[in-house]
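Take a look at the letters that make up each chain.
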Amino acid sequence: MKRNADIGRFTKPSKFQSLSTQEKRFFLQAMVSLPLVSVGLKTLGYQRLRRLLAKVAGRQTTPRGKKADVGNIAQAAAQMVHVAARTRLGRANCLPRALTLWGLLRRQRIDSDLCIGVQKNSGTIQAHAWVEYQGRPLNEAPDVQ
C-alpha cells in the first residue's frame, strides 16, 4: 500500500474521505477497539485481555506479499490508531493504543511485538507500551526503550 506523503499531516477525522479503503477500515476498527480495550483492561486485566485479543485475531502467520508492502500496512495501521486515539471518543493512553494496534496487526496476520518498558525514576515507577514491527517501533520514536 503506497500513500502520499500527506498521510503524516492527517490529524482530523474530517479528512476521512481522503483516506484509502484500508486506512478507513483501520481507523474505524481503532475507533471501536480503543474504548473496548480500555474497558477490557480495567475489567479483565492485561493478561486475560491480551489472550482474548490473540484468540479473536486468530493464529499468527506471516501474510503473503512483499515485506515493504507489509511494512506499509503496519505503518498505516499505526497511523490510524494514533489518529483515532486523538479523538474524543478514542482517547487512550499508551497501553490501550499498543494493544489495539497489536490486535489490528494480528488480524492482518502481521507478526509484531507488544513491548512494555518500565523504569524507576526519582522513586516513582514509569511505564510505557508500544508495538514493534521487525524490531522498529511503529507507534513511537525510533529510540523508545
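Here, the structure is the one placed above.
Below or above, wherever it landed, is the structure these notes cover. Please read these numbers as outputs of a predicted model, since none were measured by experiment.

## Some words on the pairing of strand S2 (residues 124-133)
With nine bridges joining them, strand S1 (residues 113-121) and S2 adopt antiparallel strand pairing. Of the residues in S2, the one forming a bridge with valine 118 is alanine 127. The turn linking S1 back onto S2 is made up of two residues, and serine 122 within it adopts a positive phi angle of 55°. Bridge analysis of S2 against strand S3 (residues 136-137) gives two bridges, and the strand direction is antiparallel. By the bridge assignment for S3, tyrosine 133 is matched with arginine 136. Connecting the antiparallel pair S2 and S3 is a turn made up of two residues, with glutamine 134 showing a positive phi of about 50°.

## A word on the nonpolar core
Counting residues in each nonpolar core, the largest one holds 36 residues, and the members touching the most others are Phe27, Leu99, Leu101, Leu105, Ile110, Val131 and Leu138. Breaking this core down by element, the ones donating at least two residues are helix H1 (21-44), helix H2 (46-57), helix H3 (67-85), helix H4 (94-107) and S2. No other element matches H3, which puts eleven residues into this core. Not counting chain neighbours up to four residues away, the residues in contact with leucine 101 comprise Ala77, Ala78, Val81, Val131, Leu138 and Asn139.

## Here we look at the packing of aromatic side chains
Counted according to the given criterion, the structure contains one aromatic pair. Measuring from centroid to centroid gives 5.9 Å for phenylalanine 16 and phenylalanine 27, while their planes differ by 55°, and the two rings are tilted. Of this pair, phenylalanine 16 sits in the segment before H1 while phenylalanine 27 sits in helix H1, and the two are eleven residues apart along the sequence. What makes phenylalanine 27 buried here is its relative accessible area of 5%. One cation-aromatic arrangement involves arginine 50 over tryptophan 102; the distance from NZ or CZ to the ring centre is 4.7 Å.

## Quick word on H1
The terminal C-alpha atoms of H1 lie 32 Å apart, and with 24 residues this matches the ideal 34 Å at 1.5 Å per residue to within 8%. Along H1, the residues classified as buried are Gln22, Glu23, Phe26, Phe27, Ala30, Met31, Leu34, Val37, Ser38, Gly40 and Leu41.

## Side note on a nonpolar patch on the surface
Taken together, the side chains of Ile116, Val118 and Ile125 present a nonpolar region at the surface, about 320 Å² in accessible area. Its location among the elements puts isoleucine 116 in strand S1.

## Some thoughts on unusual backbone geometry
The residue arginine 109 is not glycine, and still its phi comes out positive at about 60°. When you line up the elements, arginine 109 lands in the loop between H4 and S1. Assessed through its relative accessible area of 36%, arginine 109 is described here as partly exposed. For serine 122, which is not a glycine, the phi torsion comes out positive at approximately 55°.

Cut-off values and rules
Residues numbered from 1 in each chain as written. Predicted model: local features only at pLDDT ≥ 70, side-chain atom pairs only at ≥ 80, totals over all residues. Heavy atoms only, no water. Pairing = 2+ DSSP bridges. Helix = DSSP H or I, 4+ residues; strand = E, 2+ residues; numbered from the N terminus. Core = buried A, V, L, I, M, F, W, Y, C linked by side-chain atoms within 4.5 Å. Buried < 20%, exposed > 50% of the residue type's maximum accessible area, 1.4 Å probe, protein only. Contact = heavy atoms within 4.5 Å. Phe/Tyr/Trp six-rings, centres within 6.5 Å; stacked < 30°, edge-to-face > 60°. Lys NZ or Arg CZ within 6 Å of the ring centre and 35° of its normal. Expected span 1.5 Å × (residues − 1). Patch = residues over 30% accessible without salt bridge, like charges linked within 9 Å, V, L, I, M, F, W, Y side chains within 5 Å. Areas by Shrake-Rupley, 256 points an atom, 1.4 Å probe, with all protein chains shown as cover. Salt bridge = Lys/Arg side-chain N within 4 Å of Asp/Glu carboxyl O.

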